[in-house]
Each structure stands twice: as C-alpha cells, then as structure tokens.
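Summary of the model geometry
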Amino acid sequence: MYGNTSLTAEEAKIVNSTVEDPEKLAEFEARITRGEKIEPGDWMPDQYRKQLIRMIEQHAHSEIVGALPEGTWITRAPNFRRKLALIAKVQDEVGHGQLLYSAAETLGKTREQMLMDLLSGKSKYSNVFNYPANTWADIAVIGFLVDGAAIVNQVINSKGSYGPYCRALERICYEESFHLKQGHDNFVYLATGTKVQRDMLQEALNRWYRPLLHFFGPSDRDSQHSEKLMKWKVKLASNDDMRNQFLDQYVPKILELGLTLPDPELRRGDDGIWVFGDPDWDEFKRVISGDGPCNAERLEVRRYSELAHRWVREALMNPKEKYVTPLA
Amino acid sequence: MNTEAIKDLLYRMADDALIIGHRNSEWTGIGPMLEEDLAFSSMSQDKIGHAQALYNILYTSFGEKNPDVLAFQRAEKDFRSCQLVELPIGEYDFSLVRHFLFDHAEALRYSLLEASSFAPIAGLARKVRGEIRYHVMHADTFFKQLSTGSEVAKARMQSALNYALPFALGIFEPSAYEEALIAEGIFAGEARLQELWLQKITPLVAAAGLQMPAMDTAKAVYGGRKGYHSEYLQPLLAEMTEVTSIDPSAEW
C-alpha cells in the first residue's frame, strides 16, 4: 500500500536543472515516448535514477511499515476465516516490500542501506501508517479503503517507464485486488451487522476520513511539479486527479451501506470533481515531519526488528560472497 | 473404536497447532529479515489450517461444536496443548529452536498417523505431509546455519535449546488412553513418538555443533495435556477472543 510522492521546492529545482548529455538524453526520452521500458543496465539520467530510488524505496518502506497496524490484529481476528485471510494479507504486504526493495536495488542502493535510512528518518513511508488501528473495524477500513486508495495509485504507476518497478507493481496490483475483496467483505459484514458493529465501523470511518484524503499528498495548488518527472513517466498523475478518482470510486460505496462521512462539504460537482472541506493540511505536514500519533512507535518496532536481529543476519552471511546488484 | 481416546488425541493435536500457529503469526511484520517474516507467516497459516481441519474432524465425526467455537470459545482448562507451544515468541533463537523441536515431533506424529485405523486422521496426515516437510526443511536449514554461523549465534542457539528441551519433552506427555490408541491401531503412542523424535533430532543437534542436554536428568514439563497450563495461555486466549467478546451474538 502506498500513497504518492511529492517533491519539496528545492528537490524540484534540482530535478529540473540538472544537465545531462544531450544526445543520450534525447535517445532516452525518445524511448520513453515510444512506450519502451527502461531496464537496469540502460543509460538513464542521474535524476531519473535518484527519483526512482526515492520513490520505490518509499513504496517498499510503506509496505513493511503498513504491515504493522494490521499485523497487531492477526492474533485478535475473530474466527478462522478472518484470521487466515488477515495473516495471508499482511504476509502479502511484506512480500511486496521484498519485491520492491529488489526493484530499487537494481538502481544501485542496497536493501540494508534503505532500511538504515528508514530508521534514521532520512527516508519516508506513507503517512497513512502513522495512524493507529484502534479496533477491529479499523482493519475493515484499512483493508477496504486504504488498500483501495493504494490500488488507484499503484495501477497508475504500473504504467510508468522503469521495467522492474512496473513488473513488481503489476504483481502487487493483482494481489491487492484480493485484499480489497477481503477488506470489502469485512467492511460489509460490519456495516450490515449488529448496532455495536455498525457503530464501531462508523467511528473507524470517521477517524480514517482525513488520513484518506491526505493519502494522495497535498493539493496540486500547493505541491511542486516537475515536468521532467512527468515526461520521464516517473510520476503519471497529479495528486488531485488520483484523489478524485478514489473519491469517485469509493464514496458511493460507503454511502450505499448507510454510513456517513464526517464532512458536510463533501459532494460531487457537475464537472465530476469532488469538493471537500479543508482536511487540515497542517496536520498532514505535522505528521509527515514526525509528529503523528504512531510515528515513533512504528519506527521503534522496525528498529527492534532490525537491530535485535542483526546477529541472525550476520550469522547467515557468507564472508566469501560479495554483494552483487540484482539485474531485475 | 475408543471415541474418547481419539477425541483426546485430536484435541491435543488441534490445540497444539492452533497455539503454535498463533505464536508464529506474531512474527508477521517483525522478523529478522523479510524472508523470515514470510516464512513464519506461511507456517502459521499452515498450522492454523491444520487446527481447523482437526477441529473439523471433531465436529463432523464426533458431534463436537464447530471449529470456530472450539478454537475461540473454550475455557483455558479445556485446552490440551503442551506448554511448549504456549510460551511467548521471545527472541528469534527461541522461536527457531521451538520450531525445530516441535516440527520434527509433528512430522513424525503425522507420518505414524498415515497408517492410523481411524480413516479421517490418516487422510489428513497424508494431506498435510507436503506442508510439514517444508516446515522441517526450514527448521533444519536455519537451525544448522545459525548454530554454525557465528560464536554469538551458536551460544544463543545452545541456550535456547537448553531452555526449550524440557518443554519439548512435554509434547509427549502420556494420555490416559495410550494403551487403547495402540491396541486399536489408531496411534503408536507418545512413548514411541518420543523415541523416534530423539533418534531424529540427536544427530541433527550434533551436526549443528551443539550439545544435546543430558536426557537422564532432563525433566519434562507436563501438565498441558491435562489442562494445567503455563501462565501464558490465558492471556493468549483473551487476546484471541477480544473481538468476538465485544458482541458474542454478532457474526464476524
């Protein structure tokens, strides 16, 4: 599961101003225009490589950090069916992380380095995972709506230009469509269940509404663009476009079940564009910069996993083997 | 056939599988590396699936309650799991040693049961053979690699083995029905299973460069098979039933 990538003003400036060999660049851009995929050994602009590493790495981190809020509910899942489905689902997310770290490694950064950057805070993950899963109903909301939002983003990104990332995303999207089914099933069960269950779900939905709007990143008005990243098919759709697509697909499904959303201004305009109340972008900035309800806890768990088990990885390492960048 | 004897055997096996599956699932998201997260998740799904299948035999062959009720709504004292599976996951060394000790016993138990005169359990034993083979392969590979990988890892594995072994011997706590199970060809019995298990793991422990704790002084931790559990089972069950207890009348 993953949201979207945004650049700071400074980063956008670097991307837009870096000069490359004009002949090679022209050939590279022509390939992308023809719809060809770029593969690991191919020439690529420095900024293309850098931005892709950053994006795939953040995506990979989001998968493994995203496994944590749901993972804590595996031991509490209420019956065999839900328990087995949830373990399989969270396992898939960790598997997506593994797949994506491999895709990022083809660009020249090791998994170990990426994980260290996650722990030091240098590298980010999707903001949505800094919120707690307080009840079983949160698992239904995450499984249905956070996964639904992630699919919107990932389907779009799977049409990008970098071969290993696209192939990883195609497989991820295939698995995510099953997650969506299990999330939807759980969501519908609660929505059509007893009053206790419906109330639980409504409360969870109220809690997740804002983080879901934040999921796709700041409004296009307030975020930095890079024509180059669009042209190179690193970024394929704007934050607002993706958010709108998500609202269009999911709001009717939520309302249909007799649930409400905590936003009196929410409506679909005649032009097909959804209007919504201010989701408090200051909070978004606060959480993304580390001050969210679960940032510290999430990183602490990852830190435990990485550091407490270093002896395992060291014992498994063969000192005669040298690290080789994987091909795809 | 001795119905009570078969039921007791099924409950022991089902409860072991459920609780070890529950424990192994706790590694999801926090394993020492992503590959191990995935492995423990897979094995826990298999174990929980085995538990479901065993409870289902109790349900269909003996008119016990359905698998969800048996797993999620029984009192602690009614569980027949051994104490080994109840212990918290601890550090990875303990979880891995437990996995090694438990899965070898499990693999041997199922292979004996393939010849059981009770057809449903013989059928299940044949069905899960493939899965258990992978669990044992995983355990053996990591047991050996970690025990020989570094001095630190070796020391940790030896300590974990020393700690876990008396609990592992508790797997073979005899039931009141040993003679009936053997006489009726249902199961070769816990004593025979323990013998086969020791024959199997002793050379593997030696090949990994570890010392097998002295068997003549090792004291098996019994009690689980009679409903006397460690202090860890009740909290585990409370956690497992946390959601259903919010509204027991609801379908989840």
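**Here's the deal with the overall build of chain B**
- Secondary structure summary: chain B contains 10 helices and 0 strands in total.
- Sequence-ordered secondary structure for chain B, helices as α and strands as β, is α-α-α-α-α-α-α-α-α-α.
- Taken over C-alpha atoms, the radius of gyration comes to 18 Å for chain B, in line with the 18 Å a tight globule of 252 residues would show.
- For chain B, with 252 residues in total, the buried portion stands at 57%.
- Intrachain contacts of chain B at a sequence separation of at least 6 include 81% that bridge at least 24 residues.
- Charge-centre separation for chain B: the mean point of 22 positive side chains lies 5 Å from the mean point of 34 negative side chains.

**A closer look at the pattern of salt bridges**
All names here are of chain A.
- If you walk through the whole model with that rule in mind, you get 42 salt bridges over all chains.
- Between R81 and D185 there is a salt bridge whose closest N-O contact spans 3.1 Å. Separated by 104 residues along the polypeptide, R81 in helix α4 (residues 80-105) and D185 in helix α7 (residues 163-191) bring together distant segments of the chain.
- Classification of D185 as partly exposed rests on a relative accessible area of 27%.
- A salt bridge links E93 to K89; its shortest N-O distance comes to 3.0 Å. Of the two residues, E93 and K89 both sit in helix α4, 4 residues apart, roughly one turn of that helix. We note that E93, like K89, is buried.

**A closer look at unusual backbone geometry**
- One non-glycine residue, K233 of chain A, lies in positive phi territory at about 55°.
- K233 of chain A sits in the partly exposed class, given a relative accessible area of 30%.

**Considerations on the confidence of the model for chain A**
- Averaged over every residue, the pLDDT of chain A is 93; the share at 70 or more is 98%.
- The spread of mean pLDDT over the elements of chain A runs between helix α1 (residues 9-17) of chain A, the lowest at 78, and helix α8 (residues 195-214) of chain A, the highest at 98.

**A few points about the interface of chain A and chain B**
- Contacts between the two partners involve 41 residues from chain A and, on the opposite side, 51 residues from chain B.
- When chain A packs against chain B, close to 4,000 Å² is buried across both sides, 67% of that on carbon and sulfur atoms.
- Linking chain A with chain B are 2 salt bridges, by the criterion used here.
- A salt bridge links E242 of chain B to R76 of chain A; the nearest nitrogen and oxygen atoms lie 3.4 Å apart.
- Between chain A and chain B we count 15 residue pairs in polar contact (both at pLDDT 80 or more) in total.
- Secondary-structure elements contributing two or more residues to the side of chain A that touches chain B are α3 (46-71), α4, α7, α8, α12 (295-308) and α13 (310-316) of chain A.
- No other element matches the 13 residues that α4 of chain A contributes to the side of chain A that touches chain B.

**Considering the side chain of K83 of chain A**
- With respect to the helices, strands and loops of the structure, K83 of chain A is situated in helix α4.
- Notably, K83 of chain A is buried but unbridged: the nearest opposite-charge side chain belongs to E239 of chain B, and the N-O separation is 7.7 Å.
- The contact partners of K83 of chain A, leaving out residues within four places of it in the chain, are I74, T75 and A77 of chain A together with H22, I48, F72 and M240 of chain B.

What counts and what doesn't
- Residues numbered from 1 in each chain as written.
- Chains lettered and ligands numbered in written order.
- Predicted model: local features only at pLDDT ≥ 70, side-chain atom pairs only at ≥ 80, totals over all residues.
- Heavy atoms only, no water.
- Helix = DSSP H or I, 4+ residues; strand = E, 2+ residues; numbered from the N terminus.
- Rg over C-alpha atoms; globule rule 2.2 N^0.38 Å.
- Buried < 20%, exposed > 50% of the residue type's maximum accessible area, 1.4 Å probe, protein only.
- Contact = heavy atoms within 4.5 Å.
- Lys, Arg positive; Asp, Glu negative; His and termini not counted.
- Charge placed at Lys NZ, Arg CZ, Asp CG, Glu CD.
- Salt bridge = Lys/Arg side-chain N within 4 Å of Asp/Glu carboxyl O.
- pLDDT = per-residue confidence, 0-100.
- Buried area = accessible area lost by both parts, 1.4 Å probe.
- Polar contact = N/O pair within 3.5 Å; in protein donor to acceptor, adjacent residues only side chain to side chain.

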